[in-house]
Every structure is written in structure tokens, then in C-alpha cells.
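# A closer look at the structure
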Amino acid sequence: MDQAPLISFIIPVYDVPADILCECIESILALSLRDSEREIIVVDDGSKASPIADLADFIDEIIYIRQKNGGVSAARNLGLRMATGTFIQFVDGDDALLPIYEHVIDLVRFQKADMVMFDFTSRQRPQVDYTDEGPFSGAELMRKSNIHGAAWGYAFRSNLLGKLRFTPGIAYGEDEEFTPQLLLRAENVYRTTAKAYFYRQRSASAINASSIRRKLRRLHDTRSVISHLHKLEDKLPPIDRIAMRRRTAQLTMDYIYNTIVLTRNGKYLHRQLESLRREGLFPLPDLNCTRKYNWFRRLTNSKAGLSFLLHTLPLIGRER
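Okay, the pairing of strand E2 (residues 38-44) next. Within a regular beta strand, the side chains point alternately toward one face of the sheet and then the other, so they alternate between its two faces. Burial of E2 is extensive: 7 of the 7 residues sit out of reach of the surface. Burial along E2 is two-sided: Arg38, Ile40, Val42 and Asp44 facing one way and Glu39, Ile41 and Val43 facing the other are all buried.

This paragraph deals with the packing of aromatic side chains. Summed over all chains, the structure comprises 13 aromatic pairs. Pairing Phe120 with Tyr199 gives two aromatic rings, centres 6.0 Å apart and planes at 75°, and the pair type is edge-to-face. With Phe120 in strand E6 (residues 115-121) and Tyr199 in the loop between strand E9 (189-198) and helix H6 (212-233), the pair connects residues that are 79 residues apart, well separated along the chain. In this structure Phe120 comes out as partly exposed when scored by relative accessible area, which is 28%. Positioned over the ring face of Phe90 is Arg76, at 5.3 Å from the centre of the ring. One Lys or Arg, Arg76, reaches over the ring of Phe166 and ends 5.1 Å from the middle of that ring.

Further remarks concern the pattern of salt bridges. Two side chains of opposite charge can pair, provided their charged atoms sit close to one another. For the structure shown, the criterion picks out 19 salt bridges. We note a salt bridge from Asp92 to Arg76, for which the minimum N-O separation is 3.4 Å. One end of the pair, Asp92, is in the loop between strand E4 (87-90) and strand E5 (96-97); the other, Arg76, is in helix H2 (residues 72-82), and 16 residues separate them in sequence. As far as the burial class goes, Asp92 and Arg76 line up, both buried. Arg277 is paired through a salt bridge with Glu274; the nearest N and O atoms lie 3.3 Å apart. A residue pair is termed a helical-turn pair when its members lie 3 or 4 positions apart in one helix, as Arg277 and Glu274 do in helix H8 (residues 266-278) at 3 residues. What you see here is one network of salt bridges that share partners, running through Arg76, Asp92, Glu174 and Asp175.

With that settled, consider unusual backbone geometry. The omega torsion across Gly134 and Pro135 is 5°, close enough to zero to call that bond cis. With respect to the helices and strands, the residue Pro135 is situated in strand E7 (residues 132-136). Residue Pro283 follows Phe282 across a cis peptide bond; omega there is 5°. Phi is positive for Asp15, which is not a glycine, with a value near 50°. Positionally, Asp15 belongs in the loop between strand E1 (7-13) and helix H1 (18-29). The exposure class assigned to Asp15 is partly exposed, which follows from its relative accessible area of 26%. Of note in the backbone geometry, Arg264 takes a positive phi value of approximately 55° without being a glycine.

Thresholds, definitions, all that
- Residues numbered from 1 in each chain as written.
- Predicted model: local features only at pLDDT ≥ 70, side-chain atom pairs only at ≥ 80, totals over all residues.
- Heavy atoms only, no water.
- Buried < 20%, exposed > 50% of the residue type's maximum accessible area, 1.4 Å probe, protein only.
- Helix = DSSP H or I, 4+ residues; strand = E, 2+ residues; numbered from the N terminus.
- Phe/Tyr/Trp six-rings, centres within 6.5 Å; stacked < 30°, edge-to-face > 60°.
- Lys NZ or Arg CZ within 6 Å of the ring centre and 35° of its normal.
- Salt bridge = Lys/Arg side-chain N within 4 Å of Asp/Glu carboxyl O.

Below is the structure:
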């Protein structure tokens, strides 16, 4: 019986330029993993033109699947169904792994890790110095520190998943729903400052979407994610509940911030705050979080503070 690959790399793709997608695949092939240790799954989420002809040089190195357009969550879920690796690593098709990802592989290979979380950069510069922390349980990590929710920001053991999947139909914030739930299943989490992921922000990406319709969709999707995580709190053991509560509070802070910056509309903001209040998510709870959180919590607890935020954040802030 063949041994399972060490890592399955799942690459969701939608209308990614061929040269950029090839660069992504090449960055994985350049790693020290043997052929039997890696599995590269490219999920084409119904691109207008299939990139398969441009991938001819990699045809023996990848598994290519094309599906009807269903969004990144559906593409990742299909990749998870196909993956056979002991660990999973998501890589967006317009990004790439950097050579220092070798350190992530070392942690995966030589430590009894359930997850390895790493840093990212928008510059393709070699990095020499980095520090490692761990192991922590995922709950401990979430209770004591902020996390970066992007699903491509960590490698994780595939048997953690169980029935956990991304929620189809969520265009914004699907990672923030998935990552905290996955973390709570992990007993041994390592975190490194190695900037192992090259993040390329495209002008047509969801983050840069500027139309009113897309801004409201982003806020609506984020709000749905927060509500889902908040409802999960009551079903969790006490230690996990504390961890999830902290994460939910942080996401709620970000949601209020982005509501102000994206809409600049006081009436809309107050409607959303009342909705959060009815659900028990506002006022923001008094937690041992960051200075920024505590500052923001105090300001949102008063009319004068909210007025200050409404007038200043659109001028000095930018989207999270």
C-alpha cells in the first residue's frame, strides 16, 4: 500500500493569469519534498477559460479538477475531498510559497504538530531570522493572542477536520469562520515568524471591491460568520468557550470598524449596533485583549465616542 503524501497543497483557481498560476505551482515544486511526499490539487472554479493548456509542463505533477463556479469555499471543499495527504496546505492560485516554507516542512516533519502557523509578506525577499513558539493547544492560543484567520496561513493535520468544511455561498470571511473551529480541535500548535507565504493582492480581488453592493455583501457575510461563531459558543466546553468568545469579540470589533469605514453612514451603523445588541454581541465585552480593542470598546460605549469614530475613521483608517 502506498504511503500517504506528507502534504496536500490545494490551489483554488478562478481566472488567474497563466503565468501567475504557473509561478504558484513552481514555488511548490521547488521545495525539498519528494514526489511521493507532495500532492498538488488545482481546483478550477469555473474559470472563463480553462488554464489546463497552460499547465502542460506540470501535467504529471498535479491533479487538475474543474467544477462549475461555486466560489472559493466550494473549490476548497472539493480539494479537501480529493486530498490524501497527512497535512493540508491551502495556496491561492495568485500567490506562492517562499523558500523559507522549508522551515514549516521541518516543523511538520519533526514535531508532533497538529498545525503550524506562519507569517506572510507581499515582498519576495529572502528571510534568515525567525522565531518559533509552541506547542500550544489551539484553545490556549486563541485565549491569549490574536490569530490571523486566513486559511492559507497554516499547514494542518487532515484528521483534524472531521466534518468541518467551508460554508458555500460566503464570499467574504469564510476563513474567519473555518479557522477558529479548526484551531479548537488542535492540541499541538506551533507558530513561527517565518514569512513563508507570498501574498499578491490583485486589483480585482474581493478585498479591493469598491462598489456599494460588494461592500454591503462583505459586511453581511461577516455578520453571518460572527453570528454563527457566537451561537457555537454555548455548545463548547468552558475553556473552548472562552477562546471562541475572545475571537468573536475581535471579529465584532473589526465588523464595527469596517461598517464605519465602508459605509460612512451613522444611521446604518446604529441599526447594526442594535442588531448586535439584541444578539448579545454589543457592547463589546471587557476582555484581556489588545490596547486597540480596549480603546475601541470604550469609544463605542458612548455616543460621543461613536460620533468621534464616525468622523475620524473614514479619514485616517483603511479597510482591515
